[in-house]
Amino acid sequence: MAKYLVRRLLIAVPSLIGISVILFTILALAPGDPFEELANNPNVPPEVSANLRAQFGIDDPVMVRYVRWASSMATGDWGFSFASRIDVDQLILQRLPVTLFILGASQVLALLIAIPIGVYAATRPYSIFDQIANTLAFVGFSLPTFFTGILFILLFSIHLDWLPFVYRTDLAETGWAWWWAQFKQSIMPITVLGLFQGASWTRFVRSAVLDVIRLDYVTTARAKGLTERSVIVKHALRNALIPVVTLVALEMPGIFGGAIVTEQIFRVPGIGSLLVSAILANDTPVIMAVTFVFACLVVFFNLIADILYGWLDPRITYR
Amino acid sequence: MAGSIPASLTVDGAGAPLRPQRSWSAEAWRRFRRHKLALSGAFILAVIVVAVLVAPWLWPVPINEIDFSARLQGPSLKHPLGTDDLGQDLLARMLYGGRISIAVGLTAMLIAIVFGVIIGAIAGTARGSVDAALMWLTDLFLSLPQLPLLLLIIYLFRDSLKAIVGPEAGVFILIVIVIGGFRWMPVARLVRAQFMSLREKEFVEAARALGASRVRVVLRHILPNSLGPVIVAGTIDVAAAIIAESTLSFLGLGFPPDIPTWGRILFDARDHLDVAPHWALFPGMCIFLVVLSINYLGDGLRDALDPRKGM
């Protein structure tokens, strides 16, 4: 198991390097020069600006600049935010927990929706339930998260006045009241993301279970006299989840996209809204760092998918 | 953002009964017609596209006529979809925005498909290290966080492109290239898989035995037969590109404010939800309807173009 993990980690390294190369290439290709203003400013003598350029290595070859950037990222020196006046890694560490909480909870919600409904629909294909579930799934993933978010705010915050539509980290309440307020303000962001993911996963689960349920070993399990419940849950579902895990891992980048939008709608102070505000404030170090963090998260979740894969499918040995 | 829209994986193993020989397209149309929801999707889409195209004759109200006496009004006879905070007519703005959203969707899809087919075809015909390298690249692109990178690229390149070709065309070109550039991977994988299986088929071998050149075999025999899944993927890509564009505009980082795409109208409407809900509801419903119709259309096309499915 440990060996398998190490090998998967080693496989993840080239993709991280590839992503960092792509990121840096985009930045290097981008027009504009951070010292342009200095160079054009008549009050700054040319020697000073030349000195600054040499100090920051702006005129070095691209390769040298990439190695310097990558090694400072790797050693934890992520630069300084122009807009917030603190170190970028500090800023991201402040914002990351909220994002992970919202993302994690919404994925759990999505699984709680997708697995039961998908399995139930697959055991009764083309029944009324299946058709309703299928239609709702289609509607669910055709509704972009920004529109569902607005509909939720209209209904629950403005019309019914049940839930707050701004997410705050500085709640005034303490004790149980704090938990209650935290719960109330988390419902909408989590549900918006969870429903969207749940809708598309329901279709994955349904078709995967439908694929498996016709195989001979399921018939064998039924013939042995096992209850329908244990045939479905223990025999069919476990195998059906293998392709589902792959598809979910492939969707990971899209999920982060949804998270950015949701954070922006409900003003959740996570790294997604940090990215948007950094872009609006031209805060390049923060933009680069957040994009890289998102890339790392994608690679990390792919790693988890690989491990889950090995656990679900005994044919994949941990070698 | 939608990310990749899942494939419909309905499994139907039953063999098709024997029936008289029909041409490929007639057979596909016969299958497509049976998918009622796909037909209605195609119909709704056609209505929206025609409405958007003939809009200037249909509703000759300028999109930027400011009328402070009619601010934030609900739907009325004079303004069928109401007005925004500057008293601009929403119907005119929506019709104009629809043009851009649909144009972005179609162009981005074309870019994704052309790029995906080229990469997939090269990987599928060249074996060995070229194939491995291209597939590594495809997998790398699949694991990139798309929306953050979209935002990053638009942030970095927006101003210089605007300076070269003007604000509207500059943002359009940038958005279309970037969205298309992040959606070719599924197409490349599909095409490669098709090429891998088709190149071993008897008819390809026959063509090769008759002395057809490699280019001819690929262009005349393998490529046309591998286009079915590509058409389906392309249809769904249009929806994904429309969502991507709306997402960018909704975040305030897409088209500039004077170009009212559907996402941009939603973004502007966000701060007036309590007094003017219609302002947000109409563009949102439009995006939803178009995306839903395209998804159903794609589902119907999948049923129609997949010859393994007996219906």
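Remember, predicted model here, so these are calculated numbers, not experimental data.

*Asks:* So, the interface of chain B and chain A: which residues are in play, and what are the values?
*Replies:* Counting from both sides, the interface comprises 45 residues of chain B and, opposite them, 49 residues of chain A. When residues of the side of chain B that touches chain A are traced back to their parent elements, those giving at least two are helix 5 (129-142), helix 6 (146-165), helix 11 (227-250) and helix 13 (277-305) of chain B. Per-element accounting of the side of chain B that touches chain A gives the leading share, eleven residues, to helix 6 of chain B. Tallied by class, residues from the side of chain B that touches chain A come to 32 nonpolar, eleven polar and two charged.

*Asks:* Tell me about helix 11 (residues 271-280) of chain A, and please be specific about residues and values.
*Replies:* The element helix 11 of chain A is largely enclosed, with a buried count of eight among its ten residues. Residues of helix 11 of chain A that are buried include every one of A:Ile271, A:Gly272, A:Ser273, A:Leu274, A:Leu275, A:Val276, A:Ala278 and A:Ile279, and no others. Taken together, the buried residues of helix 11 of chain A touch helix 5 (88-123), helix 10 (228-266) and helix 12 (284-312) of chain A together with helix 6 of chain B. A:Asn282, located one to two residues past helix 11 of chain A, shows a positive phi value of around 55°.

*Asks:* Help me get a handle on the packing of helix 6 (residues 128-142) of chain A against helix 13 of chain B, residues and values and all.
*Replies:* With their axes 9 Å apart at the nearest point, helix 6 of chain A and helix 13 of chain B run at an angle of 130° to one another. The angle between the axes of helix 6 of chain A and helix 13 of chain B places the two elements in the oblique class. Crossing geometry of helix 6 of chain A relative to helix 13 of chain B is assigned as right-handed. Where helix 6 of chain A approaches helix 13 of chain B, its residues A:Phe138, A:Val139 and A:Ser142 are matched on the opposing element by B:Phe288, B:Val291, B:Leu292, B:Asn295 and B:Tyr296. Grouping the constituent residues of the contact of helix 6 of chain A with helix 13 of chain B by class yields six nonpolar, two polar and no charged.

The rules behind these values
Residues numbered from 1 in each chain as written. Chains lettered and ligands numbered in written order. Predicted model: local features only at pLDDT ≥ 70, side-chain atom pairs only at ≥ 80, totals over all residues. Contact = placed C-beta atoms within 7 Å. Helix = DSSP H or I, 4+ residues; strand = E, 2+ residues; numbered from the N terminus. Nonpolar A, V, L, I, M, F, W, Y, C, P; charged D, E, K, R; others polar. Buried ≥ 20, exposed ≤ 12 C-beta atoms within 10 Å, placed from the backbone. Axes fitted to C-alpha atoms, helices over the stretch in contact; angles between N-to-C directions. Parallel < 35°, antiparallel > 145°, perpendicular 65-115°, else oblique. Left-handed = near helix turned anticlockwise from the far one by under 90°.

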